[in-house]
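Notes for the structure review
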Amino acid sequence: FVAGLRREHFTVFDNGAPQPIQFFTSEEVPATVGLLIDSSASMRASRAAVAAAAAAFTRSAHPLDELFSVNFNEAVWPGLPGGVRFAATADQLDRAVAHAPAYGMTAVYDAVNRGLDYLDLGTRDRKALILVSDGGDNASRLSLDAVLDHARRDNAVIYTVTIADPDSHESRPDVLRRFARATGGASFSPGSPADIVAAFTRISREIRSGYVIGVTPPQEADGGFRSIRVVVNSGDGRALTVRTRAGYYAARSGSTR
């Protein structure tokens, strides 16, 4: 993460055309964050490491973050107790992650879709999902394309942590990378328990350290998907790279959304 950049260092292109920046901030603000934890049989050996990484994440959270967890195998269910929307304490979320069983098949796409819907219950402007899985899906009712479309229409960033047996023929790390690329997140493939904790720590830092840049869609934008590209020039010769979501769906004329 590169700190200290200003509005004038950035250029935003909407479908290839530069747009004036209407809003800019780099303040650390609280976020609504969901942990999507693969609880299928293929993840059984990694459950303890994932629980430890989640605990490290919650300990570094902003005091005003809204945190929740969703578990999934062939079914998808909330990790927190019934009636509890967001974790009241870090310990409560830790228990929700650590006590989930690990058995059955895997419904990754359904879980991401549920997580995106759950984020809508939050009140924070920044919203993110952290998906922990091997990426292999053999139980979802929804298709990958349908859920990717949902993710592109949403305002959430998806980070993925791929945990897979190198000899597995069912893991799909490419699927997890697609979710991250589409939403401006990042994908991690840790090789050890310590690497899993490091990945969660980096994700926590990124969620709280990004720049938020707002532009107004051009008048000719009327429905459909529009690509977004952001270029940064700090003026001191540094070769900097911006990671952002791939684009957005413009509202149609007359829409209130």
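Residues numbered from 1 in each chain as written. Predicted model: local features only at pLDDT ≥ 70, side-chain atom pairs only at ≥ 80, totals over all residues. Heavy atoms only, no water.

Description of unusual backbone geometry
- Despite not being glycine, Asn-15 shows a phi value in the positive range, around 50°.
- Here Asn-15 is to be found in the loop between strand E1 (10-14) and strand E2 (17-19).
- Residue Asn-15 is classed as partly exposed on the basis of its relative accessible area of 42%. (Helix = DSSP H or I, 4+ residues; strand = E, 2+ residues; numbered from the N terminus. Buried < 20%, exposed > 50% of the residue type's maximum accessible area, 1.4 Å probe, protein only.)

Observations regarding the sheet that holds strand E7 (residues 126-133)
- Taken together, the six strands give an open sheet; going across it, the order is E6-E5-E4-E7-E8-E9, and neighbouring strands pair in mixed fashion. With partners counted over all chains shown, the strands left at the sheet margins are strand E6 (76-78) and strand E9 (187-188), one partner each.
- Two strands pair when backbone bridges link them, and strand E8 (residues 157-162) and E9 are joined in this way by two bridges, in the parallel orientation. Looking at E9, one finds that Thr-160 is bridged to Ser-187.
- With respect to the sheet, helix H1 (residues 47-59) is in contact with strand E4 (31-38), strand E5 (66-72) and E7, its orientation differing from that of E4 by roughly 175°.
- Helix H6 (residues 193-209) rests against E4, E7, E8 and E9 of the sheet, and its axis sits at about 165° to E7. (Pairing = 2+ DSSP bridges. Contact = heavy atoms within 4.5 Å. Axes fitted to C-alpha atoms, helices over the stretch in contact; angles between N-to-C directions.)

Here we look at the sheet that holds E1
- The antiparallel open sheet is built from four strands, whose spatial order is E2-E1-E11-E12. Looking at which strands have only one partner, the edges of the open sheet turn out to be E2 and strand E12 (247-249). Neighbour to neighbour, the strand axes of the sheet diverge by 35° on average, direction disregarded.
- Docked against the sheet, helix H4 (residues 144-153) engages strand E11 (225-232) and E12, running at close to 95° with respect to E12.

What to know about the packing of H4 against helix H5 (residues 173-183)
- Closest axis-to-axis distance for the H4/H5 pair is 9 Å, and the angle between their directions is 25°. Taken together, the axes of H4 and H5 lie roughly parallel to each other. Crossing geometry of H4 relative to H5 is assigned as right-handed. Residues Leu-144, Asp-145, Val-147, Leu-148, Ala-151 and Arg-152 of H4 touch H5, and the partners they reach there are Val-175, Arg-178, Phe-179, Ala-182 and Thr-183.
- Among the residues making up the contact of H4 with H5, the classes are represented as seven nonpolar, one polar and three charged. (Parallel < 35°, antiparallel > 145°, perpendicular 65-115°, else oblique. Left-handed = near helix turned anticlockwise from the far one by under 90°. Nonpolar A, V, L, I, M, F, W, Y, C, P; charged D, E, K, R; others polar.)

Details of the pairing of E8
- Where burial is concerned, most of E8 is hidden: five out of the six residues are buried.
- In this structure, E7 lies alongside E8, joined through six bridges in parallel fashion. If you follow Val-132 over to E8, its bridge partner there is Val-161.
- As a crossover connection, the stretch from E7 through H4 into E8 is right-handed.
- One crossover worth recording links E8 to the parallel E9 by way of H5, and it is right-handed. (Right-handed = clockwise from strand over helix to strand, strands pointing away.)

Here we look at H6
- Across its 17 residues, H6 extends 25 Å between first and last C-alpha, which sits within 8% of the 24 Å expected from 1.5 Å per residue.
- Of the positions making up H6, those classed as buried are Ile-196, Ala-199, Phe-200, Ile-203, Ser-204, Glu-206, Ile-207, Arg-208 and Ser-209. (Expected span 1.5 Å × (residues − 1).)

Quick look at the packing of aromatic side chains
- Tallying each qualifying case throughout the model produces nine aromatic pairs.
- On the numbers, 4.0 Å between centres and 10° between planes, the contact of Phe-68 with Tyr-118 is stacked. Of this pair, Phe-68 sits in strand E5 while Tyr-118 sits in helix H3 (residues 108-119), and the two are 50 residues apart along the sequence. In this structure, Phe-68 and Tyr-118 share a single accessibility class: buried.
- Linked through ring pairs, Phe-1, Phe-10, Phe-24 and Tyr-211 together constitute an aromatic cluster.
- Over the ring of Tyr-249 we find Arg-153, and its NZ or CZ is 3.7 Å from the ring centre.
- Stacked on the ring of Phe-13, the Lys or Arg Arg-229 has its end atom at 4.4 Å from the ring centre. (Phe/Tyr/Trp six-rings, centres within 6.5 Å; stacked < 30°, edge-to-face > 60°. Lys NZ or Arg CZ within 6 Å of the ring centre and 35° of its normal.)

Don't take any of this as a statement about function, it's just geometry.
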